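Topology and contacts: notes
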Amino acid sequence: MKIERVEAITFTHRTYTQRDSDGHNHPGPEGTGTSALLQITCDDGTVGQAMCRPTDLRPDVLERFVRPNLIGQSPLLIERAWYAIYKWQRLSGGQLTDRALTAVDLALWDLMGKVTGQPVWKLIGGYRPKILAYGSTMCGDDMEGGLATPEDYARFAEWMLGRGYKAIKLHGWMVPMPGAPNVKLDYRACAAVREVVGPDIPLMLDPHHFYPRSDVLWLANKLAELDFVWMEEPMEEASMSSYKWLTGNTGLNILGPETMTGKHWTRAEWVKHDACDMVRTGVWDVGGISPAMKCAHMAESFHMACEVHGTGAGNLAVALASHNCTFYERGLLHPFIDYDAPADYQNRIDDEMDADGYVHGREEPGLGQDLNMDYIEAHRVNND
Ligand code: MG
């Protein structure tokens, strides 16, 4: 069995969010977005699929780095394929990104599932058939009835509890929102949510990412008083020393690194240098399911949790397969967004949640994505 064809189908679909000047998503009017579907096809017709951004796998990236390392190769040697492509990153001048590696790795795992007739979450370890989700809010905004005030967050947290969520993570206000960045405002939102959900609901905070140390330490200590489970990425993560300092100076759990480059190697350095209390991984941050599982196993070896960043079928598979992962991140949520509604290109969303707040692993072979291929083909805009 050999890989015969690799293509990325770019297609259009409706969107209901818009990005602010710093790149954060907020609810917006109906618009048109563009996504891509990577398809890796074998000589027996089996197809592995992964959704990604069109910019992850531009035609020259596919042609220079991906196809030469996949065509004619066995689809079952995923680690081999990952390293064959990864080694081209060094001299690619930044053209071959970790996200490109991720898309390929996800599609290969989907293919492995279809070849073997097993869901990916079982193939990579299969620790649990369902996992508790935390509702992850969008960043704060300035919308009437949105997430503009601490009281708005509290009201939305109440709604989340009614929907079944048993844990909540707030994203605070970021630039360019009025008044941001401001640790006092972040704290007021966190305190308002704690007040309304009571003492037993796990809470987390993902604030503005560029605070100075003094602000971060104040906020961390105040969140510890509110019994928050963790805070993530309140400073530039390239400064591991700052995180080592923070972790050593507060009783609050610091989770990281999230967006720092370096894949599983960086996560291991942070553990070695006591720069975090809990390890962060995510398939779109570290280059796929394969390196994300290495992060989880590395953290487990040091009796540390490894919490998965972000949504989607790949991250859900890692969370379901990891003994030391507590939650699946579900979102981003907002009072004006219907998260449970499938996108145009889906028959079902990847992470349907039951009334008790659990997301279940699917039994279908592969990643468990339920895509509307008729829609995708009908809205295709490229032939690469
Ligand atoms: Mg984060």
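Above: the structure in question.
Residues numbered from 1 in each chain as written. Predicted model: local features only at pLDDT ≥ 70, side-chain atom pairs only at ≥ 80, totals over all residues. Heavy atoms only, no water.

**Re helix H7 (residues 213–225)**
- Under the 1.5 Å per step criterion, the end-to-end length of H7 is 19 Å for 13 residues, consistent within 8% with the ideal 18 Å.
- Those residues of H7 that fall on the buried side of the exposure criterion are Val216, Leu217, Leu219, Ala220 and Leu223. When H7 is viewed along its axis, its buried side chains cluster within an angular range of 165 degrees and face the same direction. Turned more than 90 degrees away from the buried face of H7, the exposed residues are Ser214 and Glu225.
- Where H7 is buried, its residues contact helix H6 (183–197), strand E6 (203–206), strand E7 (230–232) and helix H8 (240–249).
- Downstream of H7 by one or two residues, Asp227 has phi in the positive range, about 60 degrees. (Helix = DSSP H or I, 4+ residues; strand = E, 2+ residues; numbered from the N terminus. Expected span 1.5 Å × (residues − 1). Buried < 20%, exposed > 50% of the residue type's maximum accessible area, 1.4 Å probe, protein only. Arc of directions from axis to C-beta. Contact = heavy atoms within 4.5 Å.)

**Points about the packing of aromatic side chains**
- For the structure shown, the criterion picks out 13 aromatic pairs.
- Measuring from centroid to centroid gives 6.0 Å for Phe65 and Trp88, while their planes differ by 55 degrees, and the two rings are tilted. Of this pair, Phe65 sits in helix H1 (residues 59–70) while Trp88 sits in the loop between helix H2 (78–86) and helix H3 (98–116), placing them 23 residues apart in sequence.
- On the basis of relative accessibility, which here comes to 1%, the residue Phe65 falls in the buried class. (Phe/Tyr/Trp six-rings, centres within 6.5 Å; stacked < 30°, edge-to-face > 60°.)

**Examining the pattern of salt bridges**
- Counted according to the given criterion, the structure contains 24 salt bridges.
- For the salt bridge of Glu7 with Arg5, the shortest nitrogen-to-oxygen distance reads 2.9 Å.
- You can call Arg5 partly exposed: its relative accessible area is 45%.
- Among the ionic pairs, Lys169 bridges to Glu232, the shortest N-O distance being 2.9 Å. Residue Lys169 is located in strand E5 (residues 168–171), and its partner Glu232 is located in strand E7; the two are separated by 63 residues in the primary sequence. Judged on exposure class, the residue Lys169 and its partner Glu232 are both buried.
- Here the salt bridges do not stand alone but share partners, grouping Lys169, Asp206, Glu232, Glu258, Arg280 and Glu329 into one network. (Salt bridge = Lys/Arg side-chain N within 4 Å of Asp/Glu carboxyl O.)

**A short note on helix H5 (residues 150–163)**
- An ideal rise of 1.5 Å per residue puts 20 Å on 14 residues; H5 measures up with 20 Å between its terminal C-alpha atoms.
- Of all the positions in H5, only Pro150, Asp152, Tyr153, Ala154, Phe156, Ala157, Met160 and Arg163 are classed as buried.
- Where H5 is buried, its residues touch strand E4 (130–137), E5, H6 and strand E11 (328–333).
- Immediately downstream of H5, the backbone of Gly164 shows phi near 120 degrees, a positive value.

**Focus on the packing of H2 against H3**
- Across the interface, H2 lies against H3 with an axial gap of 10 Å and an inter-helix angle of 165 degrees. Here H2 lies roughly antiparallel to H3, going by the angle between them. The element H2 and its partner H3 pack so that their crossing is right-handed. Every residue of H3 that contacts H2 at Ile78, Ala81, Trp82, Ile85 and Tyr86 is listed here: Leu101, Val104, Asp105, Leu108, Trp109 and Met112.
- Of the residues contributing to the contact of H2 with H3, the split by class is ten nonpolar, no polar and one charged. (Axes fitted to C-alpha atoms, helices over the stretch in contact; angles between N-to-C directions. Parallel < 35°, antiparallel > 145°, perpendicular 65-115°, else oblique. Left-handed = near helix turned anticlockwise from the far one by under 90°. Nonpolar A, V, L, I, M, F, W, Y, C, P; charged D, E, K, R; others polar.)

**Looking at the sheet that holds strand E2 (residues 25–42)**
- Taking strand neighbours across the sheet as the criterion, the three strands line up as E1-E2-E3 in an open arrangement whose pairing is antiparallel. Among the strands making up the open sheet, the edge pair consists of strand E1 (3–19) and strand E3 (47–52). The sheet shows a mean angle of 15 degrees between the axes of neighbouring strands, taken without regard to direction.
- The pairing of E1 with E2 spans 15 bridges and is classified as antiparallel. Following the sheet pairing, Glu7 is matched in E2 by Gln39.
- Along the sheet face, H1 touches E1 and E2 and points at about 135 degrees away from the line of E1.
- In the packing of H3 onto the sheet, the strands contacted are E1, E2 and E3, and the crossing angle to E3 comes to about 145 degrees. (Pairing = 2+ DSSP bridges.)

**Some words on the nonpolar core**
- Grouped together as the largest cluster of nonpolar side chains are 103 residues, with contacts concentrated most on Ile40, Leu57, Leu70 and Ile289.
- With ten residues, the single largest contributor to this core is H3.
- Among residues more than four places away in sequence, those in contact with Ile40 are Ile3, Arg5, Val6, Thr46, Val47, Gly48, Leu70, Val104, Ala107, Leu108 and Leu111.
- Residues Tyr134, Met204, Leu255 and Phe327 belong to the second largest nonpolar core, which totals nine residues. (Core = buried A, V, L, I, M, F, W, Y, C linked by side-chain atoms within 4.5 Å.)

**Overview of the environment of Leu62**
- Tracing the chain through its elements places Leu62 in helix H1.
- Judged by its relative accessible area of 1%, Leu62 falls in the buried class.
- Distance in space between the C-alpha atoms of Leu62 and Tyr375 is 24 Å, their sequence separation being 313 residues.
- Sequence-distant contacts of Leu62, defined by excluding residues within four places in its chain, comprise Val6, Glu7, Ala8, Leu38, Leu57, Arg67 and Pro68.

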